[in-house]
Amino acid sequence: MATLARLQARSTFIGHQYYYRNSVVDVFRKKEYDAAVKIQSWFRGCQIRAYIRYLQRVVIVLQKWWRGYSARKHYQLIVKLAYYTMKMNIYNAMAVRIQRRWRGYRIRKYCFNYFYLKEYLRAVSETNDTIREALEEFADMKEREEKKADLEREEKKRDYQARKMHYLLSTKQIPGIYNSPFRKEPDPWELRLQKAKPLTHRRSQVKPTRSVQLSSWLACTSARSFPRSEFLPPIDRKQCQGPFRDIAEVLKQRYKPLEPTLRSEEPINELKAAREDFRRQEWTKNIHDNMFLPFSSYHKNKTYIPSMHSSSKYGPNSHGRQCFRDENPKKWICDKDFQTVLPAFDLFSKYGKLYSKAGQIL
């Protein structure tokens, strides 16, 4: 009880002390809190900056290694490209050298072969000399034949003249004009008149003109005087080494017969014939204008629009229409739809009465 009494006596003092101490603590609590916050912010800032510096060093190391790796890869690629380019340049130079040697060899061997051309020209010159000699002999022979023909013509002319002047022949009683007694020897025409026969008066015949035909002078010629046309000595061409086609195949393709073009094969009236054929096909297909819609009465009441051929003022063509293509409504039994034995499907009953997603009638 005494203790309780003492505590009650000191309760006021204890309350003042508690309030005073709490007020002092409240005064210094703000400063301590700000100091603690400042210390924590400084520490945390130092910690974060240290971590950032660590990350920067790590990133620098990573970037250094990566950039070194990528640079080495790029350098290896550049080296490979340079090596490939150098190798291709060397190969191209080697190929050019091989092509140059081969083309030079081919040109010297096959195109401008001196000994080959010399042999060919020698054969051509020998053939030309032979032909020239034969032509000269033939020309001499023709000249001799012409001279002989002229002499025979002159001789015939003189004989004919002598026959016409046969009445000037001297007789035993009267000397002729060519057998004058004052001449030492008679004239040659006197001797010709003696040999000639008198010309009888006959109907004059038309003398055929002399024409030199090919068969007349070819028959009297020899093989030596006029040689037949022979081919030149063949040129023994050798097959070129390399990817070249055969000479016979090339010549066959070069001298193949001409093929007629489409313009020469087609007739002149091709367009007109095509139009007639197109019109004939239209008539054969022109059964009716409307499309056939089975099991449907949607288009039954629609008016019939005739085609241009059937609505012409000249009238339709009766061929192929009056027998089995023409429609005669008078012969229809009824206007009902076609009845089937089996029941109709719903899809076909709705056909022509519905619309699709595209807006068209089904």
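Remember, predicted model here, so these are calculated numbers, not experimental data.

A. Broad picture of the overall build of the chain. Check the secondary structure of the chain and you find eight helices and zero strands. The linear arrangement of helices and strands in the chain, starting from the amino end, is α-α-α-α-α-α-α-α. In the chain, buried positions account for 9% of the 362 residues. Pairs at least 24 apart in sequence give 64% of the contacts found in the chain among residues at least 6 apart. Split by element, the accessible area of the chain, about 34,800 Å² in all, is 60% carbon and sulfur.

B. The pattern of salt bridges, seen in detail. Here the structure, examined in full by the defined rule, presents 11 salt bridges. Across the pair Lys30 and Asp34 runs a salt bridge, and its minimum N-O distance is 3.6 Å. Of the two residues, Lys30 and Asp34 are both situated in helix α1 (residues 2-111); the distance of four residues between them amounts to about one turn of the helix. Residue Lys30 is classed as exposed on the basis of its relative accessible area, which comes to 53%. Here Asp34 falls in the partly exposed class, since its relative accessible area comes to 36%.

C. Structural detail: the nonpolar core. If you look at the biggest cluster of nonpolar residues, it comprises six residues: Ala162, Met165, Leu168, Tyr178, Leu193 and Ala196. Setting aside its immediate chain neighbours within four residues, Ala196 contacts Ala162, Arg163 and His166.

D. A look at the packing of helix α2 (residues 114-164) against helix α3 (residues 188-195). Close contact between α2 and α3 brings their axes to 9 Å; oriented N to C, the two are set at 75°. Considering their axes alone, α2 and α3 lie roughly perpendicular with respect to each other. On the side of α2, the interface is formed by Glu155, Arg158, Asp159, Gln161 and Ala162, while α3 contributes Trp189, Arg192 and Leu193.

E. Region of the structure containing the packing of aromatic side chains. Scanning all chains against the criterion turns up five aromatic pairs. Aromatic side chains Tyr51 and Tyr54 sit 6.5 Å apart centroid to centroid with 35° between the ring planes, which places their arrangement in the tilted category. Taken together, the residues span about one helical turn, with Tyr51 and Tyr54 both in helix α1 at a distance of three residues. A relative accessible area of 45% places Tyr54 in the partly exposed class. Look at Trp66 and Tyr69: their rings are 5.8 Å apart centre to centre, the planes differ by 35°, and that puts the pair in the tilted class.

F. Summary view of a positive patch on the surface. A cluster of basic residues, Arg97, Arg100, Arg101 and Arg108, forms a positive patch at the surface. For Arg101, the location among the structural elements is in helix α1.

G. Just the side chain of Glu190, in detail. Checked against the element boundaries, Glu190 lands in helix α3. Not counting chain neighbours up to four residues away, the residues in contact with Glu190 comprise Leu169, Ser170, Tyr178 and Asn179.

H. How the structure looks around the confidence of the model for the chain. Across the chain, the average pLDDT comes to 76, with 65% of residues at 70 or higher. Ranking the elements of the chain by mean pLDDT puts helix α4 (residues 214-219) last with 47 and α2 first with 91. Across residues 214-227, confidence stays below pLDDT 50; counting only partners more than four residues off in sequence or on other chains, it has 20 contacts. Overall, residues 320-324 carries pLDDT values under 50, and its contacts beyond four positions in sequence, including any with other chains, amount to six contacts.

Definitions and limits used
- Residues numbered from 1 in each chain as written.
- Predicted model: local features only at pLDDT ≥ 70, side-chain atom pairs only at ≥ 80, totals over all residues.
- Heavy atoms only, no water.
- Helix = DSSP H or I, 4+ residues; strand = E, 2+ residues; numbered from the N terminus.
- Buried < 20%, exposed > 50% of the residue type's maximum accessible area, 1.4 Å probe, protein only.
- Contact = heavy atoms within 4.5 Å.
- Areas by Shrake-Rupley, 256 points an atom, 1.4 Å probe, with all protein chains shown as cover.
- Salt bridge = Lys/Arg side-chain N within 4 Å of Asp/Glu carboxyl O.
- Core = buried A, V, L, I, M, F, W, Y, C linked by side-chain atoms within 4.5 Å.
- Axes fitted to C-alpha atoms, helices over the stretch in contact; angles between N-to-C directions.
- Parallel < 35°, antiparallel > 145°, perpendicular 65-115°, else oblique.
- Phe/Tyr/Trp six-rings, centres within 6.5 Å; stacked < 30°, edge-to-face > 60°.
- Patch = residues over 30% accessible without salt bridge, like charges linked within 9 Å, V, L, I, M, F, W, Y side chains within 5 Å.
- Lys, Arg positive; Asp, Glu negative; His and termini not counted.
- Charge placed at Lys NZ, Arg CZ, Asp CG, Glu CD.
- pLDDT = per-residue confidence, 0-100.

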